[in-house]
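Structural description and commentary
Single-letter residue listing:
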Amino acid sequence: MKELAQKRTRFGCPRLHVLLRREGFMLNHKRTERIYQEEKLSLRRKRKRKNVSGMRLELPKPERINHIWSMDFVSDAITSSRKLKALTVVDEFTRKCHRIEVDTSINGMRVCRVLDEIGERAGLPEVIITDNGPEFAGKALDEWAYRNGIRLCPINPGKPVENAYIESFNGRFRDECLNENWFITLDHARQIIEEWRIDYNEVRPHSSLGNLTPEEFIKKGVEMTTCSPVYSNS
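Definitions and limits used
Residues numbered from 1 in each chain as written. Predicted model: local features only at pLDDT ≥ 70, side-chain atom pairs only at ≥ 80, totals over all residues. Heavy atoms only, no water. Core = buried A, V, L, I, M, F, W, Y, C linked by side-chain atoms within 4.5 Å. Buried < 20%, exposed > 50% of the residue type's maximum accessible area, 1.4 Å probe, protein only. Helix = DSSP H or I, 4+ residues; strand = E, 2+ residues; numbered from the N terminus. Contact = heavy atoms within 4.5 Å. Salt bridge = Lys/Arg side-chain N within 4 Å of Asp/Glu carboxyl O. Pairing = 2+ DSSP bridges. Axes fitted to C-alpha atoms, helices over the stretch in contact; angles between N-to-C directions.

What about the nonpolar core?
Counting 20 residues, the largest nonpolar core has Ile100, Phe169, Phe173, Phe183 and Ile193 as the members making the most contacts within it. Counting only elements with at least two residues in this core, the list comes to strand S2 (83-91), strand S3 (97-103), helix H7 (164-176) and helix H8 (186-202). Among the elements that take part in this core, H8 stands out by supplying six residues, more than any other. Sequence-distant contacts of Phe173, that is, excluding residues within four places in its chain, are made with Val74, Ala86, Thr88, Ile100, Leu178, Ile193 and Trp196. Within the second largest apolar cluster, 18 residues are counted, among which are Ile106, Cys112, Val114 and Ile118.

Comments concerning the pattern of salt bridges
One pass over the full model with this rule turns up 14 salt bridges. For Asp103, the salt bridge is made with Arg190, and the minimal N-O distance between the two is 3.2 Å. With Asp103 in strand S3 and Arg190 in helix H8, this pair connects stretches of sequence that are 87 residues apart. Judged by relative accessible area, Arg190 falls into the partly exposed class, the value being 32%. Between Glu176 and Arg172 there is a salt bridge, with the nearest N and O atoms lying 3.9 Å from each other. Within this pair, Glu176 and its partner Arg172 are both found in helix H7, separated by four residues, close to a single helical turn. Owing to a relative accessible area of 29%, Glu176 belongs among the partly exposed residues under this scheme. Look at Arg172 and you get buried, because its relative accessible area is 17%.

What to know about the sheet that holds strand S5 (residues 151-154)
A sheet is described by the order of its strands in space; here five strands give the open sequence S3-S2-S1-S4-S5, paired in mixed fashion. Among the strands making up the open sheet, the edge pair consists of S3 and S5. The average angle at which neighbouring strand axes cross in this sheet is 20 degrees, direction not considered. Where strand S1 (residues 68-77) and S2 come together, nine bridges link them in antiparallel fashion. Each residue of the ladder has a partner; that of Ala77, found in S2, is Lys83.

This is how it looks when you write it as structure tokens:
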């Protein structure tokens, strides 16, 4: 339990109990709660100041196609001031953006559905890196990942640099698409954003890929040692 609590620093007793049962420890919840209290694993509800937390996991580096994906949300609005929410999903090795799901609201179940749809045509990753938003930290994505044998790697709170690939992508997305267009309706936003996504994958050169597009990089089969993706703002 201490090992799980160290890796899942924001999981309380109920979720740790579920993880223990998955590992084959058939404890009833009362015994789990007793051990949890004896080991002083209770979460702090309030803090006088923010403390720097240790890394939950050593975040891996991408080594091949469908090794690591990263996900995040970007916000914008249409001309009526109605808010838009965009879920971005990127393969960190190829830099290909598999999907930008756009709607006024996207919950954890919707995130899982989007990932299933991507998986049907492109396969699923071994690892997904996310932030700690409620859509990613909820039960829906956790159960989906467990069912599909995928490792979730949440970054430390307040440390977006740990998800540098998706942060770089989102910066380009905002600079090159969201800031350059006025969206009249939701459908109009979806059309413009999808056109930009296709252009990003098939036309826009990436310096980190030797000035290839993600699609060209995939087709050429460039080895990691000859043209390795690196953190950059391209």
